[in-house]
Amino acid sequence: MIKSMTAFAKVSHTLDTLTVEMTVRAYNSRSLDFSIYLPETCQGFEDEIKKIMGQLHTRGRIEIRATLTDQSLDQDLFEVDMIKAKAYYKALKTVRETLSLSGDIALETVLGAKQVIVAAKPEVNMALLRSALCETTRAAAQAIDRMRKSEGDNLYQDLTRRISDIEQRMAGIEEQARTIPEVYKARLKERLAVLTAEDGDFFDPVRLAQETALLADKSDVSEEIVRVHSHIKMFREVMDEDESQGRKLNFLIQEFNREFNTIGSKAGNAALSHAVVDLKSELEKIREQVQNIE
């Protein structure tokens, strides 16, 4: 099964008073890398998020952004700093007595002092937060996985078509490769005809056959052709494996390229050279697609 490394997902999960919204973007990468952006209260859960994501994903750069909404924080909660209130009240009494003032000290006067009544800072339920964050991460990991598989199906269809195209092109390569000995023989005859005409001698047919056989052996591409067909077979098998195998496919691309280069260097005619160029062009398109596979 082929999976793409590029994907996007946005999920939301509510648990009790907590709601976690998570956006995940996945990009190409040689290995599994994370960029995680969390609210301050969630900073301690990065490793758990990586572990959950790593259960479904083995390659790619995964960018995770999460926001947290706690409905309990919407309540109007306040607390009184009794130490400050008592100190302020005592100070007011001292001023009244020192200046021989009359009247009571009003409650609103004490409460009007700064920092006597302040907004409360309720403690976050870390166990609840951990559960909400982990459940959201699992949902996001599954959503990304579904999108990667969907895109992977498209890649599979495209690669299947392209590898079949290479297989068909190889049939033409094989046909042209069979003509290489005759091409070299014709060239030798032509060259020897020129030389013997100049020197007045006749060329030895046996020597011609030997030289032709030697050149044909040096230009023989049958082994390369066999290996290319073996790589095609392996490529298809890797695409059908249960796990996505981007690294294996990339390695096979290198092997294809090596064989094509060798065939090109042994090419005995322009038509064969042009066919190899077309093969390498198609292979480059496959290589670009394989870079997107997990």
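Criteria and cut-off values
- Residues numbered from 1 in each chain as written.
- Predicted model: local features only at pLDDT ≥ 70, side-chain atom pairs only at ≥ 80, totals over all residues.
- Heavy atoms only, no water.
- Helix = DSSP H or I, 4+ residues; strand = E, 2+ residues; numbered from the N terminus.
- Buried < 20%, exposed > 50% of the residue type's maximum accessible area, 1.4 Å probe, protein only.
- Contact = heavy atoms within 4.5 Å.
- Areas by Shrake-Rupley, 256 points an atom, 1.4 Å probe, with all protein chains shown as cover.
- Phe/Tyr/Trp six-rings, centres within 6.5 Å; stacked < 30°, edge-to-face > 60°.
- Axes fitted to C-alpha atoms, helices over the stretch in contact; angles between N-to-C directions.
- Parallel < 35°, antiparallel > 145°, perpendicular 65-115°, else oblique.
- Left-handed = near helix turned anticlockwise from the far one by under 90°.
- Pairing = 2+ DSSP bridges.
- Arc of directions from axis to C-beta.
- Salt bridge = Lys/Arg side-chain N within 4 Å of Asp/Glu carboxyl O.
- Core = buried A, V, L, I, M, F, W, Y, C linked by side-chain atoms within 4.5 Å.
- Patch = residues over 30% accessible without salt bridge, like charges linked within 9 Å, V, L, I, M, F, W, Y side chains within 5 Å.

**Q** Account for the overall build of the chain, naming residues and giving values.
**A** Scanning the chain from N- to C-terminus turns up nine helices and six strands. In the chain, buried positions account for 33% of the 294 residues. Pairs at least 24 apart in sequence give 80% of the contacts found in the chain among residues at least 6 apart. Here the chain displays about 17,800 Å² of accessible surface, and carbon together with sulfur accounts for 51% of that area.

**Q** Could you give an account of the packing of aromatic side chains, with specific residues and numbers?
**A** The final tally for this structure, using the stated rule, is two aromatic pairs. Through pairs of rings, three or more aromatic residues link up here, namely F235, F256 and F260.

**Q** Please give an account of the packing of helix 8 (residues 246–266) against helix 9 (residues 270–290) that cites residues and values.
**A** The N-to-C vectors of helix 8 and helix 9 enclose an angle of 170°; their axes lie 10 Å apart at closest approach. When the interaxial angle is binned, helix 8 and helix 9 end up roughly antiparallel. The way helix 8 lies across helix 9 gives a crossing that is left-handed. Packed against helix 8, whose contacting residues are G246, L249, N250, I253, F256, N257, F260, N261, I263 and G264, the element helix 9 presents V276, L279, K280, L283, I286, R287 and V290 at the interface.

**Q** So what's going on with the pairing of strand 1 (residues 7–15)? Which residues, and what values?
**A** Along a regular strand, successive side chains alternate from one face of the sheet to the other. Sheet analysis places strand 1 next to strand 2 (residues 18–27), joined by nine bridges and oriented antiparallel. Opposite A7, over in strand 2, you have A26 as the bridge partner. Hairpin connection of strand 1 to strand 2: two residues between the antiparallel strands, including D16 at a positive phi of 60°.

**Q** Explain unusual backbone geometry to me, using residue names and the numbers behind them.
**A** Even without being a glycine, D16 presents a positive backbone phi close to 60°. Structurally, the position occupied by D16 is in the loop between strand 1 and strand 2.

**Q** An account of helix 1 (residues 46–54) is needed here, citing residue identities and associated values.
**A** Regarding helix 1, the residues found buried are I49, I52 and M53. What you see down the axis of helix 1 is that its buried residues fit within an arc of 95°, all on one side. Helix 1 presents D47 and K51 as exposed residues on the side facing more than 90 degrees away from its buried surface.

**Q** Mind laying out the pairing of strand 2, listing which residues take part and the relevant values?
**A** The element strand 2 is largely enclosed, with a buried count of seven among its ten residues. Across ten bridges, the pairing between strand 2 and strand 4 (residues 60–70) is antiparallel. Paired with E21 across the strands is T67, a residue of strand 4.

**Q** Pulling in residues and values, what's your account of the sheet that holds strand 2?
**A** Taken in spatial order, the four strands line up as 1-2-4-3 in an open sheet, and their pairing is mixed. Taken across any chain shown, the strands that pair with only one partner, and hence form the sheet edges, are strand 1 and strand 3 (32–37). Averaged over neighbouring strand pairs, the angle between their axes works out to 15° when direction is ignored. Contacts from helix 4 (residues 126–177) reach strand 1, strand 2 and strand 4, with the element oriented near 150° to strand 1.

**Q** Describe the pattern of salt bridges, with residues and values.
**A** Considering all chains together, one arrives at 19 salt bridges under this definition. Between R162 and D158 there is a salt bridge whose closest N-O contact spans 3.0 Å. Here R162 pairs with D158, and both are found in helix 4, just four residues apart, close to one helical turn. Across this residue pair, the class does not change: R162 and D158 are buried. Residues K233 and E237 are paired through a salt bridge, measuring 2.6 Å at the closest nitrogen-oxygen approach. One end of the pair, K233, and the other, E237, are both in helix 7 (residues 222–239), four residues apart, so they sit about a helical turn from each other. Residue classification places K233 among the exposed residues on the basis of a relative accessible area of 52%. Connected via shared salt-bridge partners are K3, D145, R148, K149 and E294.

**Q** Lay out the nonpolar core in plain terms, naming residues and giving numbers.
**A** Within soluble globular proteins, side chains that are nonpolar tend to cluster in buried spots. Counting residues in hydrophobic clusters, the biggest one holds 31 residues, and the most contacted among them are M170, I173, F235 and F260. Taken together, the elements giving at least two residues each to this core come down to helix 4, helix 7, helix 8 and helix 9. The contact partners of F235, leaving out residues within four places of it in the chain, are L159, I163, L249, L252, I253, F256, I286 and V290. Residues V11, M22, I36 and F45 belong to the second largest nonpolar core, which totals 25 residues.

**Q** Please provide a residue-by-residue account of a nonpolar patch on the surface, values included.
**A** On the surface, F78, V80, M82, L107, L111 and I117 cluster together into a nonpolar patch covering about 580 Å² of accessible area. Inspection of the secondary structure puts F78 in strand 5 (residues 78–80).

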